[in-house]
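# Residue-level structural notes
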Amino acid sequence: MDPRYSAQDVARCDLCEIAIVQSYCDFCHVNLCKPCTGEHISHEYDKHKIVPFEHRRSTLIYPKCQTHPDETCKYQCKDCNIFLCTDCFASKQHNKEHKLLKLNEVFNKKKEHIKKDKEEIKKELIPTYEDIASELEVQIANLDVDYKKLTIEMTNYREELHREIDNAMNQKEKEIDENKMKHLSILKKHLDEIKQLQSLMQESLHALNEMEESNEVIPTIHYTSKNQEFSKLPPKVKVSMPKFIHKPIEKADLCSLFGKLTPLSTTLEERVFTAAKPNTSVRELLDDSVVLNSINTGFEKLVSVVCLPEEEIWTSGVTPDIKCFNSQGILQKKIKTKSGSLPKDIAVYSDGALVYSDWKTSTVYKVENDQAEEIIRLQGWTPINLFVTSSGDILASMYSNDGTQSKVIRYSGSTVKQTIHLDDEGQPLYSGNIYHKCITENRNLDICVADNKAGAVVVVNKAGKLRFRYTGCPSPTKNEPFHPTGITTDSQSRILTSDRKNHCIHILDVNGQSLRYIDNCDLKSPTGLCLDNDDNLFVCEHFSGIVKKIRYLK
């Protein structure tokens, strides 16, 4: 058998197509045997990168520099989003204060992301779609049975209607027979009366015949005529025949009287893809939480904080600025809102893109490469707090412009997927006011809202059904009413909510049971909360403008 066409053959050289491959050109992506390697690199040798076959595709091919064509770019400016070579640094044409990223590190991170996406597609998404397809195939297979049941149901109703119609018509026929008997009785009565008069006239005629031949004086003199009495004819009996007056029914009305077949109703019920969570060991709470770091953001009134995978945090307050710091607290970047008004809240996508809500324009913006793009614009409502879910949706809390209603909307891009507003009894889930309603999604896909005006954490399941309300836990050391102003959830599905007036953090389990407080870290008016990938807690102190990084798990 020709080895080139053997299904189980080992890898062969791409040039001679016979010898077993030993090397690989990482630049040309060609399999090479030892004899063909020399032939391959004989032309334009400097461009080739020969590596052992088992190390193929291990050499990075960097982009050419636009400014220095003979150089390759091994760096990327995060601020300008351009590639740079070493000569670009030497030319001093680029801002030295900009943050530089090594392309090999960016490449490796993206490769890890690609590998993760590949595994997710193979192990989670494809099986999920197979389940959906199987479900549809079962529905299609059962379609004849389901419609046969519907036809039988209608046939049974038709027979029932026929029986009822027959009963009704039989009743009418019985009424006809009864009318006939009455009619007959009336006519016979009058016939008897006529025959009686006829008999009287016959008797009178017989008497007249005898008188006419008689020569007796007295009977003749006393004769009295009855003709006048007989000439008064009896009344004519006129009995009107009953008539059957059918009720006119239009065909369309007839169909409606018999009932109606509801039209096909097609609705798109939201499917929420739940990625399989990695197995994580149970992490217990520390007896005493520890402050690991403090970052002074420079805000006079600090409101929100969110973490990025690259150990960076975005912060916002009551100014138009949104600031990004690294884990050491060094300012990396600062952007301003498009309208120049303060952002109500900020959130980030998994790829690091920032979103913020603008109360002045009732708009939610997405920021990529320092460019703000409008993704959601509201009419009659003002966005407050935001959260990007594990599936990439945006949860937005909002209040009506008259300040009387509040609700939570789930968006896919700019499309509304879900509205969470009322409980099963038609009562509002959230207080109707303009105050913050911080929002997050738990690992079990519960939606958790810190409704500070109502003094409650309101938790609904992914379908928007109320699970529980947490209104604080009595404590002799907490003198002020529960005032939740920030909320987040950790890898153990615990819920953490900041209590600004009592200067502490409440920790709840997934079912809303109070576990303990974080109140030993000298917190002052805590507001916004977030967690990094290691479950380190970042807490905003409203009036000091400080973000504290806290370890609270063992």
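For the structure itself, consult the block above.
None of the values given here were measured: they were computed from a predicted structure.

The rules behind each value
- Residues numbered from 1 in each chain as written.
- Predicted model: local features only at pLDDT ≥ 70, side-chain atom pairs only at ≥ 80, totals over all residues.
- Heavy atoms only, no water.
- 1 Å grid on protein atoms, 1.4 Å probe; cavity = no way out; pocket = protein on both sides within 12 Å on 5 of 7 lines; lining within 4 Å.
- Points joined across faces, edges and corners; volume = space filled by probe spheres on them.
- Nonpolar A, V, L, I, M, F, W, Y, C, P; charged D, E, K, R; others polar.
- Phe/Tyr/Trp six-rings, centres within 6.5 Å; stacked < 30°, edge-to-face > 60°.
- Helix = DSSP H or I, 4+ residues; strand = E, 2+ residues; numbered from the N terminus.
- Buried < 20%, exposed > 50% of the residue type's maximum accessible area, 1.4 Å probe, protein only.
- Lys NZ or Arg CZ within 6 Å of the ring centre and 35° of its normal.
- Disulfide = S-S within 2.5 Å.
- Patch = residues over 30% accessible without salt bridge, like charges linked within 9 Å, V, L, I, M, F, W, Y side chains within 5 Å.
- Areas by Shrake-Rupley, 256 points an atom, 1.4 Å probe, with all protein chains shown as cover.
- Salt bridge = Lys/Arg side-chain N within 4 Å of Asp/Glu carboxyl O.
- Lys, Arg positive; Asp, Glu negative; His and termini not counted.
- Charge placed at Lys NZ, Arg CZ, Asp CG, Glu CD.

The computed volume of the second largest pocket comes to approximately 460 Å³. Surrounding the second largest pocket, 18 residues form its lining, Val 303, His 436, Asn 452, Arg 500 and His 542 being those nearest its centre. Partitioning the lining of the second largest pocket into residue classes produces seven nonpolar, seven polar and four charged.

Glancing now at the packing of aromatic side chains. For the coordinates displayed, the defined rule picks out three aromatic pairs. Note on Tyr 24 and Phe 53: the rings are 6.4 Å apart at their centroids and 70 degrees apart in plane angle, and the pair reads as edge-to-face. With Tyr 24 in strand β1 (residues 23-25) and Phe 53 in the loop between β3 (50-52) and β4 (75-77), this residue pair connects regions lying 29 residues apart in the sequence. An identical accessibility class is assigned to Tyr 24 and Phe 53; each is buried. A cation over an aromatic ring shows up here: Lys 366 above the ring of Tyr 349, its NZ or CZ 4.4 Å from the ring centre.

One covalent bond between the sulfur atoms of two cysteine residues makes up a disulfide. Counted by the stated rule, this structure contains zero disulfides. Here Cys 324 is not disulfide-linked; the sulfur of Cys 307 is the nearest cysteine sulfur, at 11 Å. Residue classification places Cys 324 among the buried residues on the basis of a relative accessible area of 3%.

Residues Glu 173, Glu 175, Asp 177 and Glu 178 make up a contiguous surface patch of negative charge. Structurally, Glu 175 is set in helix α4 (residues 143-213). A residue is classified by how much of its surface remains accessible, and Glu 175, at 32% relative accessible area, is partly exposed.

This part is about the pattern of salt bridges. Summed over all chains, the structure comprises 17 salt bridges. For Asp 424, the salt bridge goes to Lys 465, with nearest N and O atoms at 3.2 Å. Here the residue Asp 424 occupies a position in the loop between β19 (415-420) and β20 (437-441), and Lys 465 occupies one in the loop between β22 (456-460) and β23 (466-470), the gap between them amounting to 41 residues. Look at Asp 424 and you get exposed, because its relative accessible area is 66%. Residue Lys 465 is classed as partly exposed on the basis of its relative accessible area, which comes to 43%. A salt bridge links Lys 478 to Asp 519; its shortest N-O distance comes to 3.0 Å. Residue Lys 478 is located in the loop between β23 and β24 (484-489), and its partner Asp 519 is located in the loop between β27 (514-518) and β28 (526-531); the two are separated by 41 residues in the primary sequence. What emerges from the salt-bridge pattern is a single network uniting Lys 78, Lys 99 and Glu 312.

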